[in-house]
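Below are the chains, spelled out letter by letter.
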Amino acid sequence: MAHLCLFSLLVLSLVLETQALTPTHHLTTTDVARLQAVLSQPFTDLKSAYYSVVGLSKLGISVADAAETCRFIKSNLDPSSVESLFFAAEASQALPGCEIPVSNDTRDLLLATVSEDSTASQIHQSVSALSSLGLPLASQEVVSALKARISKEDNVLTIILALQTASRLSQQAELGEILEEIEDLAARLDDLGGVYLQFEEGLEATALFVSAAYALSDHVDMEPPLKEDQVIQLVNSIFSKKSWDSLSEAFSVASAAESLSNNRFHVPVIVSAQGPAAISHSQPFLRLQVTNVLCKPLSSASVLVESATATSSKSAILSQAPFTLRDGVFELNFMASQPASGYYQFSVAIAGDSRFVANHVELKVKVSTRVSINNMDLSVVDKDQSIGPKTTRVEYPAKAKASFMADSHQIFAMTFQLVDETTGVELTPHQTFVRLHNQKTGQEVVFVAEPDSKNLYKFELDTTERKTEFDSISGTYALYLMVGDATLENPILWNVADVVLKFLDEEAPSTIQAKTLYTPKPEIQHLFREPEKKPPTVVSNAFTALVLSPFLLLLILWFKLGANISNFTLSPSTVLFHIGHAAMLGLMYVYWTHLNMFQTLKYLAIIGSFTFLAGNRMLAQKAVKRLERK
Amino acid sequence: MSNSVISVISRFLEEYASSTPNKLKVIDAYLLYIMMTGALQFLYCLLVGTFPFNSFLSGFISCVGSFILAVCLRIQINPQNKGEFLSISPERAFADFLFAHTVLHLVVINFIG
């Protein structure tokens, strides 16, 4: 059942693998050297000794002073601690000729630790110590203890330790259930952007998982249920960090690197170009380094270019061309196929071992060339074309002997061709500029020379059309041709000739002003809002008098009508009312000049209520009087 | 045509002079005064411009408001309208007139600036 499951997974992975990932992060030789330096630090206790010794052995490097290390281990060993026994046993296993003395008590202690009540780490340590010291152990008991442990503690580190432990047990034991944990654990990995695959517990957990999974898979000879893309993503995660926080982290990276280089199922391949991937006539070989994750060259590999197509024209230049191995580097003479200059997309396949993962790589290769200028012809043409042009030919890198004169009736013209030096093919580089530099004033004007349909470059300077660029300053201008491109090895700056330009003199500025971009600008004065225009005081005064004049009219009319105040009684309420009313009118004036609404309302309330009471009284008296009269 | 207009106007003026009580004539004189003041203010605004627009508005509104209140007083005081204003005595009308004027002048002075 498990076999069928794995087989179908394999078929599925082959079918799904259309666009395979390639590792974006890997260890370079300097990184491996740094890892080795970290692991070679002098150790202070048994734990660091274990990490250093076993870590270096995984990198394939033996410890400097084996005898001294062995003595250190033996002297720091604490036979009553399982952990100490584990470190000592594993370290001594990696050192040649180092034996740890074992007593019956030690063996009993280790065997007793194998039970459901110990932690997974304790079980791992005791089983590893027993196996390294060559002591017998009961595999089935270990398996049941591990299974019980996993069901109690379902975290990632426990399961990783269980996998490591299982790889030390006898092959007859029932490791099937523990093997299935690899798949469950792989499902718990976090996919970050399709590039990285790691546990949220961190780099160390991911690296330990890789080494444990492959150790167990090798032990039971069953392919781990990891897809190729997943393996590459794990490579990216583990090898993206190039300096390690702790010795245990460095150790985990070293053991992951070792298991990815030497296991029986998946070996990721790292392909990198040696130097920039650029080819020219002076350097016709494309060199590739093909290594495993530990930067060791894979000499059993055969590297093949499946196709090489030009990125611009999409035409295939090469197909199925093999690389030759020389001094650990694979090289191919690409210039022999005589490619035109430009960029090429290479599809490279690495074969030779069925374990290779990420063995299809896409590379972008640049082919550069040297350019030469042909048929540089300079001429001065009359605008009305009455006089035929005299063309002067100039050879690179010489300068034209005579200077050219062009005034407002003439056009200065330049034509040339750019060809590949070796093949003679016409080129159109990205930058073809014509620069005119006035030596006296320091002015320079740059134009672009454009190729026509036959790839012949033309440049024409009409003095009247272009006078604004030159600010109409006449004088001698040095003419330079600038040619450049990413695929050119020899960019050109060539002083072709001197050109004397004559502009109509009255348009020239009298002084040449340097561009004042960075000098202080004139200060801006803030203009406050101008008050509105008021009419003359005479007019306002006249109208004030005019508006007040109807009052006179009113008084006259009232007098004529016979309005009088004969009914004015001098009773207190009347007097008080009139005083109050006058006060209210006075308050209005004071409000206009001094007060705000709130103060006015306050005063008005006081005066108003007083006036109201007095007025009420007065009017009541008036009403009584009126009714009496009736 | 103009003849009949003139005759109507002269008849109206005669009627007015004879049958209107003096009190009402006093109020009418006051109304005329208010109207002229308002008209002159408007004339100034037309001729010279609306520069302190808030002042113009407050002055004009004051004239208009006073005119309206005076008209109300006239209506309420008129003995011929007694039937419609049974509960409001002339004194009460005058008191209302004074109170309304206080409120009007408060607003006008606030706005005159």
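Everything numeric in this text was worked out from a predicted model, so none of it was measured.

Right, let's get into the state of the cysteines. As used in these notes, a disulfide is a covalent bond between sulfur atoms, one from each of two cysteines. All names here are of chain A. Tallied over the full model, the rule gives 1 disulfide over all chains. In this model, Cys 70 is linked to Cys 98 through a disulfide, with the two sulfur atoms separated by 1.7 Å. Because the sign of the S-S torsion sets the handedness, a value of about 90° for the bond joining Cys 70 and Cys 98 places this disulfide among the right-handed ones. Here Cys 70 is found in helix α4 (residues 66-76), whereas its partner Cys 98 is found in the loop between α5 (82-94) and α6 (104-113), with 28 residues between them in sequence. Taken individually, Cys 70 and Cys 98 each receive the classification buried, so the pair is uniform in this respect.

Next up on the list: the sheet that holds strand β7 (residues 302-310) of chain A. Residue and element names in this part refer to chain A. Spatial strand order, β5-β13-β11-β7-β8: 5 strands in an open sheet with mixed pairing. Two strands in the sheet have a free side with no partner beyond their single neighbour: β5 (278-279) and β8 (316-322). Of the strand pairs in this sheet, β7 and β8 are connected by 5 bridges, and their pairing is antiparallel. The residue bridging Ala 308 from the neighbouring strand is Leu 318, located in β8.

With that settled, consider the UniProt feature "transmembrane region" (unreviewed entry) in chain A. Following the UniProt record, one finds the feature "transmembrane region" (unreviewed entry) at residues 542-563, 575-594 and 600-620 of chain A. In residues 600-620 of chain A, helix accounts for 100% and strand for 0%; the two terminal C-alpha atoms are 28 Å from one another.

What follows covers a nonpolar patch on the surface. Residue and element names in this part refer to chain A. On the surface, a cluster of nonpolar side chains totalling about 690 Å² of accessible area is made up of Ile 565, Phe 568, Leu 570, Val 575, Leu 576, Ile 579 and Phe 610. Per-element tally for the nonpolar patch: the top contributor is helix α16 (residues 572-593), with 3 residues. Relative to the elements of secondary structure, Phe 568 occurs in the loop between α15 (537-561) and α16.

Residue and element names in this part refer to chain A. Summed over all chains, the structure comprises 26 aromatic pairs over all chains. When the centroid spacing of 5.2 Å and the interplanar angle of 55° are considered together, the rings of Tyr 50 and Phe 86 count as tilted. Note that Tyr 50 is positioned in helix α3 (residues 46-58) and Phe 86 in helix α5, a separation of 36 residues in sequence. The pair Tyr 50 / Phe 86 is uniform in exposure class, with both members buried. Seen in terms of ring centroids, Tyr 50 and Phe 251 are 5.4 Å apart; in terms of plane orientation they differ by 50°. Their pairing is tilted. In this pair, Tyr 50 sits in helix α3 while Phe 251 sits in helix α13 (residues 247-262), placing the two residues 201 residues apart along the sequence. Just as Tyr 50 is buried, Phe 251 falls in that class too. Here the aromatic residues Tyr 50, Tyr 51, Phe 86, Phe 87 and Phe 251 are joined through ring pairs into a cluster of three or more. For Arg 326, the ring lying beneath its charged end belongs to Phe 285, and the centroid distance is 5.9 Å. Against the face of Tyr 603 rests Lys 602, its NZ or CZ located 5.5 Å from the ring centre.

In this section: a negative patch on the surface. On the surface, Asp190(A), Asp191(A), Glu200(A) and Glu201(A) cluster together into a negatively charged patch. Structurally, the position occupied by Asp191(A) is in strand β1 (residues 190-192).

All names here are of chain B. Confidence in the prediction for chain B averages 89 pLDDT; 99% of positions are at 70 or higher. Confidence, expressed as mean pLDDT per element, reaches its minimum in chain B at helix α1 (residues 2-19) with 88 and its maximum at helix α3 (residues 53-77) with 93. Both scores are available for the predicted complex, with the pTM at 0.59 and the ipTM at 0.85.

The subject of this paragraph is the sheet that holds strand β4 (residues 270-273) of chain A. Residue and element names in this part refer to chain A. Strand order in the open sheet formed by 4 strands is β4-β6-β10-β9, and the pairing between neighbours is antiparallel. One side of each edge strand has no neighbouring strand; the edge strands of this open sheet are β4 and β9 (324-326). Averaged over all pairs of adjacent strands, the angle between strand axes in this sheet comes to 35°, irrespective of strand direction. For β4 and strand β6 (residues 285-291), the ladder comprises 4 bridges, and the chain directions are antiparallel. Opposite Ile 270, over in β6, you have Thr 291 as the bridge partner.

Take the nonpolar core next. Residue and element names in this part refer to chain A. Among the nonpolar cores identified, the biggest contains 86 residues, and Phe 209 and Phe 239 are the most heavily contacted of them. No other element matches helix α11 (residues 203-220), which puts 9 residues into this core. The contacts of Phe 209, once residues within four sequence positions are left out, are Ile 160, Leu 163, Ile 182, Leu 185, Ala 186, Leu 189 and Phe 199. Core analysis: the next-biggest nonpolar cluster, separate from the first, contains 36 residues, Val 380, Leu 418, Phe 459 and Leu 461 among them.

All names here are of chain B. Following the UniProt record, one finds the feature "transmembrane region" (unreviewed entry) at residues 30-49, 55-73 and 93-112. Taken as a whole, residues 55-73 contains 100% helix and 0% strand, while its terminal C-alpha atoms sit 27 Å from one another. Strand forms 0% of residues 93-112 and helix 100%; the C-alpha atoms that close the span are 28 Å apart.

Residue and element names in this part refer to chain A. Cis geometry marks the peptide bond from Tyr 396 to Pro 397, where omega comes out at -5°. With respect to the secondary-structure elements, Pro 397 resides in the loop between β15 (390-394) and β16 (404-406). Even without glycine at this site, Gln 320 takes up a positive phi of about 55°. Position of Gln 320 relative to the elements: it lies in strand β8. Positive phi, close to 50°, is recorded for Gln 338, a residue that is not glycine.

Another aspect to go through is the interface of chain B and chain A. Each partner contributes residues to the interface: chain B has 29 residues there, and chain A has 31 residues. Summed over both partners, the interface of chain B with chain A buries about 2,700 Å², with 80% contributed by carbon and sulfur atoms. When the buried surface of chain B facing chain A is broken down by residue, Phe51(B), Glu91(B) and Leu106(B) rank first, second and third, together holding 23% of it. Between Arg626(A) and Glu91(B) there is a salt bridge, and its shortest N-O distance comes to 3.1 Å. Taken together, the connections running from chain B to chain A amount to 4 residue pairs in polar contact (both at pLDDT 80 or more). Elements supplying a minimum of two residues to the side of chain B that touches chain A: α2 (22-48) and α4 (90-112) of chain B. Ranked by residue count, the leading element in the side of chain B that touches chain A is α2(B), at 14 residues. Counted by class, the side of chain B that touches chain A contains 18 nonpolar, 8 polar and 3 charged residues.

Calculation rules
- The residue numbering used here restarts from 1 in each chain and proceeds along that chain's sequence as written.
- To read the labels, note that chains go from A and ligands from 1, taken in the order they are written.
- Local features are withheld for residues below a pLDDT of 70 in this predicted model, meaning they are given only at 70 or higher, and side-chain atom pairs are given and counted only at 80 or more; totals for whole chains, interfaces and linings count all residues.
- Hydrogens are left out, water is left out, and the side-chain values use all remaining heavy atoms of the structure.
- Cysteine sulfur atoms are paired as a disulfide whenever they fall within 2.5 Å.
- Secondary structure follows DSSP: runs of H or I at least 4 residues long count as helices, runs of E at least 2 residues long count as strands, and numbering of each begins at the N terminus.
- Relative accessible area decides the class of each residue, using a 1.4 Å probe on protein chains only: under 20% of the type maximum gives buried, over 50% gives exposed, and in between gives partly exposed.
- In this analysis, strands are considered paired if DSSP registers two or more bridges between them.
- UniProt positions are given in the numbering used here, feature names are shortened, and annotations may be inferred rather than shown by experiment.
- Candidate patch residues must exceed 30% relative accessible area and have no salt bridge, after which like charges are joined if within 9 Å and Val, Leu, Ile, Met, Phe, Trp or Tyr side chains if within 5 Å.
- For the area figures, the Shrake-Rupley method with a 1.4 Å probe applies, and any residue is considered shielded solely by the protein chains shown.
- We count a salt bridge whenever a side-chain nitrogen from Lys or Arg sits within 4 Å of a carboxyl oxygen from Asp or Glu.
- Working definition: a ring pair exists when centres of Phe, Tyr or Trp rings (six-membered ring for Trp) sit within 6.5 Å. Plane angles under 30 degrees give stacked, over 60 give edge-to-face, the rest tilted.
- Counted as over-ring charges are cases with an Arg CZ or a Lys NZ within 6 Å of the ring centre that also lie within 35 degrees of the ring normal.
- Just so you know, the count uses Lys and Arg for positive and Asp and Glu for negative, and it drops His and the chain ends.
- Lysine's charge is taken at NZ, arginine's at CZ, aspartate's at CG and glutamate's at CD.
- For every residue, the predictor states its confidence as a pLDDT score lying anywhere from 0 to 100.
- Between N-to-C directions, angles cover 0 to 180 degrees, with each direction set by a line fitted to C-alpha atoms, over the stretch in contact for helices.
- Only buried residues count toward a nonpolar core, which is a set of Ala, Val, Leu, Ile, Met, Phe, Trp, Tyr and Cys residues joined through side-chain atoms within 4.5 Å.
- In what follows, residue pairs with any heavy atoms lying within 4.5 Å of each other are defined as contacts.
- By buried area we mean how much accessible surface two parts lose on assembly, using a 1.4 Å probe and totalling the loss over both.
- Here a polar contact is recorded for every N or O atom pair within 3.5 Å, except that within protein the pair must consist of a potential hydrogen donor and a potential acceptor, and residues adjacent in sequence are included only if both atoms are side-chain atoms.
- For this classification, Asp, Glu, Lys and Arg are treated as charged, while Ala, Val, Leu, Ile, Met, Phe, Trp, Tyr, Cys and Pro are nonpolar and the rest, including Gly, are polar.

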